[in-house]
Amino acid sequence: MAKTLRILTWNINSVRLRQGLLKDVVDKLAPDVVCLQETKCPDDLFPLDLPKVLGMDHVLFRGMKGYNGVAVFSKTPMRRHEDTQDWVGKEDCRHLAVELDLPGGPLVIHNFYVPAGGDIPDTELNPKFAHKLDFVAAARDHFAKTPKLTRAVLVGDLNIAPLEHDVWSHKQLLKIVSHTPVETALLTEWQDTCWHDGLRHFVPADQKLYTWWSYRAKDWEAANKGRRLDHVWVTHDLKGALTRHEILKEARGWTQASDHVPVLVELAL
DNA sequence: ATGGTAGAGATTCTA
């Protein structure tokens, strides 16, 4: 008997500010697991009443002051997975791996927040871009060492839109951080270590698909200059378990919205 | 290598 598991990923851009919107997202999409990025909340200030409000008993988080931060909520028991890492020598709270106990055996979920990389796509002029490339290369190399990985899911804000139709204009974004060839090549290499693109599984590569719209656009919906920065990957053994996806675009139009929208994938495990 | 907006938390950084 297959169990349905709905996994939600969202760059919430402050978990404290958007607790109410998170409740609305959970009520609407009924996830079993919620992975957040950019919680921007030190661990000692994390809102500990939030799990009860969301109807999700279990929570794990890794936060810091001001920036970054990841958290996972779950309806079923979980524990922090040993493969949670600091990447490229920085303790900047960009990764949290959890292990869930499910009837068919444990499932590992990696929650990532990849560095945005600044504005200038040049590693000499911009250390933040160098950090981003180093981070993705390290993640690639790490998963290349575990090529037989199974029953695992990787989600998060990877801050790279790899395909032509993951951005509103491929040509105009080739020199824009998030869609430069060096970034998209690295992300593809990372994915190719053991992962299958769980969103493009449902949406053909020739169709536009976005999860993020800049705060800086006057009318984000009319301009529709989006990018697909948020991802859900599954190991190849779980490809056949993918049953549904949803990108909650309407959330971008809510009052005091995040610039990223919630992304849901359902698996029949 | 424009400037636009948003959040944290300090009067600027990161996205």
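The rules behind the values
Residues numbered from 1 in each chain as written. Chains lettered and ligands numbered in written order. Predicted model: local features only at pLDDT ≥ 70, side-chain atom pairs only at ≥ 80, totals over all residues. Heavy atoms only, no water. Helix = DSSP H or I, 4+ residues; strand = E, 2+ residues; numbered from the N terminus. Rg over C-alpha atoms; globule rule 2.2 N^0.38 Å. Buried < 20%, exposed > 50% of the residue type's maximum accessible area, 1.4 Å probe, protein only. Areas by Shrake-Rupley, 256 points an atom, 1.4 Å probe, with all protein chains shown as cover. Lys, Arg positive; Asp, Glu negative; His and termini not counted. Charge placed at Lys NZ, Arg CZ, Asp CG, Glu CD. UniProt positions renumbered as here; feature names shortened; annotations may be inferred. Contact = heavy atoms within 4.5 Å. Polar contact = N/O pair within 3.5 Å; in protein donor to acceptor, adjacent residues only side chain to side chain. Phe/Tyr/Trp six-rings, centres within 6.5 Å; stacked < 30°, edge-to-face > 60°. Pairing = 2+ DSSP bridges. Axes fitted to C-alpha atoms, helices over the stretch in contact; angles between N-to-C directions. Parallel < 35°, antiparallel > 145°, perpendicular 65-115°, else oblique. Left-handed = near helix turned anticlockwise from the far one by under 90°. Near = heavy atom within 4 Å. Nonpolar A, V, L, I, M, F, W, Y, C, P; charged D, E, K, R; others polar.

- Looking at an unreviewed UniProt entry, one finds chain A named Exodeoxyribonuclease III, with Acidisoma silvae as its source organism.

1. With respect to the overall build of chain A
No. 1: Tallying secondary structure elements over chain A gives six helices and 12 strands in all.
No. 2: Here the C-alpha atoms of chain A give a radius of gyration of 17 Å, agreeing with the 18 Å that 2.2 N^0.38 yields for 269 residues.
No. 3: With the C-alpha coordinates aligned to their principal axes, the bounding extent of chain A is approximately 45 × 45 × 35 Å.
No. 4: A total of 269 residues make up chain A; the buried ones form 57% of that total.
No. 5: Carbon and sulfur atoms form 51% of the exposed surface of chain A, whose accessible area is close to 11900 Å².
No. 6: With 34 positive and 36 negative side-chain charges, chain A shows a spacing of 3 Å between the two charge centroids.

2. A few points about the UniProt feature "site: Transition state stabilizer" (unreviewed entry) in chain A
No. 1: Residues given the UniProt feature "site: Transition state stabilizer" (unreviewed entry) here are N159.
No. 2: Looking at the secondary structure, you find N159 in the loop between β8 (152-157) and α4 (170-173).
No. 3: Classification of N159 by relative accessible area gives buried; the value is 9%.
No. 4: Apart from residues no more than four positions distant in its own chain, N159 is found in contact with Y113, V114, P115, A116, K132, S178, E183 and L229.
No. 5: In terms of polar contacts, N159 uses its side chain to reach the backbone carbonyl oxygen of V114, at 2.8 Å.

3. Details of the packing of aromatic side chains
No. 1: Enumeration over the complete set of coordinates arrives at 12 aromatic pairs.
No. 2: Aromatic side chains W87 and F135 sit 5.8 Å apart centroid to centroid with 45° between the ring planes, which places their arrangement in the tilted category. Taken together, the positions of W87 in the loop between β5 (78-80) and β6 (95-100) and F135 in helix α3 (residues 127-144) put the pair 48 residues apart, joining distant regions of the chain. When sorted by exposure, W87 lands in the same class as F135, which is buried.
No. 3: Among the aromatic residues, ring-to-ring pairing joins W87, F112, F135, F143, W190, W195 and W233 into one connected group.

4. A closer look at the sheet that holds β5
No. 1: Pairing is mixed in the open sheet, where six strands are placed in the order β5-β6-β7-β8-β10-β9. In the strand order of this sheet, the two ends are held by β5 and β9 (195-197), each with one partner. Between one strand axis and the next, the sheet turns through 25° on average, direction left out of account.
No. 2: Examined bridge by bridge, β8 and strand β10 (residues 230-235) share five bridges and lie antiparallel to one another. Opposite V155, over in β10, you have V232 as the bridge partner.

5. Side note on the UniProt feature "binding site: Mg(2+)" (unreviewed entry) in chain A
No. 1: Mapped onto this numbering, the UniProt entry gives "binding site: Mg(2+)" (unreviewed entry) at N11, E38, D157, N159, D259 and H260. In terms of the greatest pairwise C-alpha distance, the residues named above, spread along 250 residues, form a tight cluster of at most 12.4 Å across.
No. 2: Mapped onto the fold, N11 is located in strand β1 (residues 4-11).
No. 3: Under the relative-accessibility criterion, N11 is labelled buried at 0%.
No. 4: With residues up to four places along the chain from it excluded, the contact list for N11 reads Q37, E38, Y113, D157, D230, S258 and H260.
No. 5: Among the polar contacts made by the side chain of N11, one reaches the main-chain amide nitrogen of N13 at a distance of 3.1 Å.

6. Remarks on helix α5 (residues 181-194)
No. 1: For α5, the full list of buried residues reads E183, T184, L186, L187, W190, Q191, T193 and C194.
No. 2: Of the surrounding elements, those touching the buried residues of α5 are β7 (107-113), α3, β8, β9 and β10.

7. Topic: the packing of α3 against α5
No. 1: Direction vectors running N to C along α3 and α5 enclose 20°, while the axes themselves pass 8 Å from each other. As judged from the angle between their axes, α3 and α5 are roughly parallel. Every pair of crossing elements has a handedness; the one defined by α3 and α5 is left-handed. The segment α3 lies against α5, with F129, K132, L133, V136, A137, A139, R140, F143 and A144 engaging V182, E183, L186, L187, E189, W190, T193 and C194.

8. Description of the protein's contact with DNA strand B
No. 1: Around DNA strand B lies a shell of 19 residues, among which S14, R18, K65, Y215 and R216 are the nearest.
No. 2: Sugar and phosphate atoms represent 62% of those atoms of DNA strand B found within 4 Å of the protein.
No. 3: At 2.7 Å from a phosphate oxygen of DNA strand B is found a side-chain nitrogen or oxygen belonging to K65.
No. 4: One nitrogen or oxygen atom from the main chain of G66 is found 3.5 Å from a phosphate oxygen belonging to DNA strand B.
No. 5: Of the residues contributing to the surface near DNA strand B, the split by class is six nonpolar, four polar and nine charged.

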